[in-house]
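# Results of the structural survey
Each chain is listed here by its residues.
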Amino acid sequence: LEHRVEERTREVLDLQRVEFELRAAQEKVENELNIAAQIQRSILPSNFPAFPEHSEFDLYAMMVPAREVGGDFYDFFFIDDDHLAVIIADVSDKGVPAALFTMISRTIIRSIVRQRKSPSQVLAETNDLLCEGNDTGMFVTVFLAYYHLPSGQFTYANGGHNPALSFGPNGASKKLACKHGPALGVRPGLTYKEDIEKLEPGQMIVLYTDGVTEASSPQDELFGLDRFSKLVCSCESLKLSQMINHIDKDLKEFQQGNQFDDITVLALKREV
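These notes cover the structure that comes with them. Given the structure is predicted, the values throughout are model-derived calculations rather than measurements.

## A word on the nonpolar core
In this structure, Phe57, Leu84, Val113, Val142 and Phe154 are the most contacted members of the largest nonpolar core, which totals 51 residues. The next biggest cluster of nonpolar side chains, apart from the first, holds 24 residues, and it includes Val64, Val206, Val232 and Ile263.

Next up, the structure:
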């Protein structure tokens, strides 16, 4: 009997030790994921208004990852005094692998944009670089635009991404539906085209990832592009920050805690 008690005691102690080691390992992973999430948030522009010295346009964006870290990103920065680069992208995977591919993609795009290449050239060169040694099979859809402040000219190239939405001051809306080539990172040697949209005073461009339109309710109903467009139209009189916060609130209510994909929205408006 005494031997069995000792044996049982050792078993209990061994189980406690294993449980302790598993808990410690889990805490380490969670801590590393938290650090990764902090790093990812830190590279996304998050100070709004982003350019308070510029009253001729308004800009706002949000990114809500489905996990601790995400595969979506947005970016914007001035190339010169008159040209603003605007980017939204969506990597094919989620979690840590997607986050790493996201950071690589963002760094490459930023570097080539600063060389004053056109949007179509940037996508072509980024695609070739992402294809080098890409054994993972991951890819990224990218919408890249240059906004010329004095004229309102919006020059854009779309690499496999969702169509941008344009909303005029008179309530008219349309899709910038051209895809100028496939997603980046699939195969090298691709060429991309670009188009120009002239923004009139009061006109707004909304960029988004498919985590918005493919957001699902508990009844498996999709949020959809029509619902999203109507929601944006209903917020047309609001500031962009209020509009995007309203979109975020509606998406949360629609999904009721069941977010399966990263959600990213960026809006740019030419002010009167």
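## With respect to the sheet that holds strand 4 (residues 140-148)
Here we have 5 strands laid out as an open sheet, ordered 2-3-4-5-8, and antiparallel in their pairing. Each having just a single partner strand, strand 2 (72-78) and strand 8 (195-198) make up the two edges of the open sheet. Geometrically, the sheet is characterised by an average inter-axis angle of 20° between neighbouring strands, direction not taken into account. Note: strand 3 (residues 83-91) against strand 4, 9 bridges, orientation antiparallel.

## Re the packing of helix 5 (residues 225-234) against helix 6 (residues 240-255)
It is at 10 Å that the axes of helix 5 and helix 6 come closest, and there the two elements cross at 140°. Judged by the angle between their axes, helix 5 and helix 6 are oblique. As for the relative orientation of helix 5 and helix 6, their crossing is right-handed in sense. Between helix 5 and helix 6, the contacting residues are Arg227, Phe228, Leu231 and Val232 on the first element and Met243, His246, Ile247, Asp250 and Phe254 on the second. Its residues assigned to classes, the contact of helix 5 with helix 6 shows 6 nonpolar, 1 polar and 2 charged.

## Quick notes on the pairing of strand 6 (residues 164-167)
Neither face of strand 6 is left uncovered, since the one carrying Ala164 and Ser166 and the one carrying Leu165 and Phe167 both have all their residues buried. Strand direction decides the pairing type here: strand 6 and strand 7 (residues 173-176), joined by 4 bridges, are antiparallel. Its bridge partner being in strand 7, Ala164 is matched across the sheet by Leu176. The antiparallel pairing of strand 6 with strand 7 creates a hairpin that spans 5 residues between the two strands, and Gly171 there sits at a positive phi of about 90°. Sheet topology note: the strand 6/strand 9 (residues 204-208) ladder contains 3 bridges and is antiparallel. Along strand 9, the bridge assignment pairs Ser166 with Ile205.

## Description of the pattern of salt bridges
In total, this model carries 8 salt bridges according to the counting rule given. Residue Asp75 pairs with Arg106 through a salt bridge whose shortest N-O separation is 3.5 Å. One end of the pair, Asp75, is in strand 2; the other, Arg106, is in helix 2 (residues 95-113), and 31 residues separate them in sequence. By relative accessible area, Asp75 is classed as buried at 0%. Across the salt bridge formed by Lys249 and Glu253, the nearest N and O atoms sit 3.0 Å from each other. Within this pair, Lys249 and its partner Glu253 are both found in helix 6, separated by 4 residues, close to a single helical turn. Lys249 sits in the partly exposed class, given a relative accessible area of 45%.

## Some words on helix 3 (residues 119-131)
The periodicity of an α-helix, 3.6 residues per turn, causes residues three or four positions apart to be oriented the same way. Here helix 3 spans 18 Å end to end across 13 residues, near enough to the 18 Å set by a 1.5 Å rise per residue. Buried residues along helix 3 sit against helix 2, strand 4 and strand 5 (153-159). Positive phi appears at Gly133, one or two residues downstream of helix 3, with a value of about 65°.

## Re the sheet that holds strand 7
Strand order in this open sheet of 5 strands is 1-10-9-6-7, and the pairing throughout is antiparallel. What marks the edges here is a single partner per strand, and that holds for strand 1 (57-64) and strand 7. This sheet shows a mean twist of 15° between the axes of neighbouring strands, independent of strand direction. Sitting on the sheet, helix 5 touches strand 6, strand 7, strand 9 and strand 10 (263-270), and the angle it makes with strand 6 is about 35°.

Definitions and cut-offs
- Residues numbered from 1 in each chain as written.
- Predicted model: local features only at pLDDT ≥ 70, side-chain atom pairs only at ≥ 80, totals over all residues.
- Heavy atoms only, no water.
- Core = buried A, V, L, I, M, F, W, Y, C linked by side-chain atoms within 4.5 Å.
- Buried < 20%, exposed > 50% of the residue type's maximum accessible area, 1.4 Å probe, protein only.
- Pairing = 2+ DSSP bridges.
- Helix = DSSP H or I, 4+ residues; strand = E, 2+ residues; numbered from the N terminus.
- Axes fitted to C-alpha atoms, helices over the stretch in contact; angles between N-to-C directions.
- Parallel < 35°, antiparallel > 145°, perpendicular 65-115°, else oblique.
- Left-handed = near helix turned anticlockwise from the far one by under 90°.
- Contact = heavy atoms within 4.5 Å.
- Nonpolar A, V, L, I, M, F, W, Y, C, P; charged D, E, K, R; others polar.
- Salt bridge = Lys/Arg side-chain N within 4 Å of Asp/Glu carboxyl O.
- Expected span 1.5 Å × (residues − 1).

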